[in-house]
Amino acid sequence: MSVQYEDQQVTVFQSALHQTTSTVVATDDMILIVDPAWLPEEIAAIQEHVKSKDKGQRQYLLFTHSDFDHILGWNAFPEAVTIASRGFAARSGKEETIQEIKDFDDHYYIQRPYIIDYPAIDIIIDYDEQTIEMGNTSVSFYLAPGHQADGVFAVVHELHTLIAGDYLSDVEFPFIHHNSEAYERTIDKLEQVLSQKNIGLLVPGHGKSTANVNEMRDRIEDSRWYIQVLRDEVRQKEKFEVLQAFVDSFLFSRYLGEEHENNKAQMKEEEKG
Ligand SMILES: [Zn+2]
């Protein structure tokens, strides 16, 4: 497990798999752990880090959405108070998601020193800017549908840090597994929060964190552009070279090409009405 970003209070771990990030925010008042992933050694490193920051603060564990890679570390942090959206807690298909984790572990002969199960949620996020306050630390949560229906992103106010879940990545264009218009509204919400909360660190669910405000804006614009052009392509029933060139410009374009095809199919479904 490598650490891709670290300052006094924020540590962003990056998994070898899909460049998945796991964030730990540790202040005097609380420890917030986000999406601890993937491999046993990587999760053990996050546990070690949390232990090193533990001064008896309450621990929180946020799941940004219910994709299996983001929830497989649940039982590694049994003391943490869990946080996720209403949709995360209430969704159907939990067994299938757990089966995806088990299939992954079986496929790679992975044994974990904790039980794999679907997270039980203690604090359910129902509305935007729902906030947890502990001493001098406050964290607000926002509903973020579009990638998945049950997404959440979080802002740690005092640290001007935005933990975005699977949005605003530098290694992926939008993966629209839920709905493109919901995705666009989430992008709008992220844009508002970036400026209103004076965000100085953006952490995506996959790929690199950035402290560069221009890069944050570029990622917003790229996501927005991709969805708009994809919709135009589907509506006008013609292929736009510029869109394919954009997809091909990503480092892992062979795999991402499949996600692009999924996005097209999703958009066609939506356009059918
Ligand atoms: Zn993900």
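Since the structure is predicted, the reported quantities are computational estimates derived from the model, not experimental observations.

## Considerations on the sheet that holds strand β10 (residues 152-156)
Two strands in a sheet stick together by hydrogen bonds in their backbones, pointing the same way (parallel) or opposite ways (antiparallel). If you walk across this open sheet you meet the five strands as β8-β9-β10-β11-β12, and the pairing is mixed. Two strands close off the open sheet at either side, each with one partner strand: β8 (130-134) and β12 (201-204). The sheet shows a mean angle of 15 degrees between the axes of neighbouring strands, taken without regard to direction.

## A closer look at the coordination of the zinc ion
Six octahedral donors around a metal ideally sit at 90 or 180 degrees from one another, while four tetrahedral donors ideally sit at 109.5 degrees. Taken together, H70 (NE2), D166 (OD) and H206 (NE2) make up the full set of protein donors to the zinc ion, lying 2.0 to 2.2 Å away. Going along the chain, you hit the donors of the zinc ion in the pattern H-x95-D-x39-H. Of this pair, H70 sits in helix α2 (residues 68-71) while H206 sits in the loop between β12 and α6 (213-236); the two residues are 136 residues apart in sequence, bridging distant segments of the chain. Considered together, H70 and H206 belong to a single accessibility category, that of buried residues.

## Side note on the packing of helix α7 (residues 241-248) against helix α8 (residues 253-272)
For the pair α7 and α8, the least separation of the axes is 9 Å and the interaxial angle reads 135 degrees. Here α7 lies oblique to α8, going by the angle between them. Along the contact surface, α7 presents L243, Q244, V247 and D248, while α8 presents S253, G257 and H260. Of the residues assigned to the contact of α7 with α8, the class counts are two nonpolar, four polar and one charged.

## Re the sheet that holds strand β2 (residues 10-14)
Reading across from one edge, β1-β2-β3-β4-β5-β6-β7 is the order of the seven strands in this open sheet, with mixed pairing throughout. Each edge of the sheet is formed by a strand with only one pairing partner; in this case those strands are β1 (2-6) and β7 (123-125). Averaged over neighbouring strand pairs, the angle between their axes works out to 20 degrees when direction is ignored. Across four bridges, β1 lies against β2 in antiparallel orientation. Pairing of E6 across the sheet is with T11, part of β2. The sheet strands contacting helix α1 (residues 40-53) are β1, β2, β3 (21-26), β4 (30-34) and β5 (58-62), and the helix crosses β3 at an angle near 5 degrees.

## Examining the side chain of Q266
Considering the arrangement of structural elements, one finds Q266 in helix α8. If near-sequence neighbours (up to four positions away) are discounted, Q266 is found in contact with I176, H178 and N179.

About the criteria used
Residues numbered from 1 in each chain as written. Predicted model: local features only at pLDDT ≥ 70, side-chain atom pairs only at ≥ 80, totals over all residues. Heavy atoms only, no water. Pairing = 2+ DSSP bridges. Helix = DSSP H or I, 4+ residues; strand = E, 2+ residues; numbered from the N terminus. Axes fitted to C-alpha atoms, helices over the stretch in contact; angles between N-to-C directions. Donors = N, O, S within 2.8 Å, 3.2 Å for Na, K, Ca; no water. Buried < 20%, exposed > 50% of the residue type's maximum accessible area, 1.4 Å probe, protein only. Parallel < 35°, antiparallel > 145°, perpendicular 65-115°, else oblique. Contact = heavy atoms within 4.5 Å. Nonpolar A, V, L, I, M, F, W, Y, C, P; charged D, E, K, R; others polar.

These figures capture arrangement, not role.
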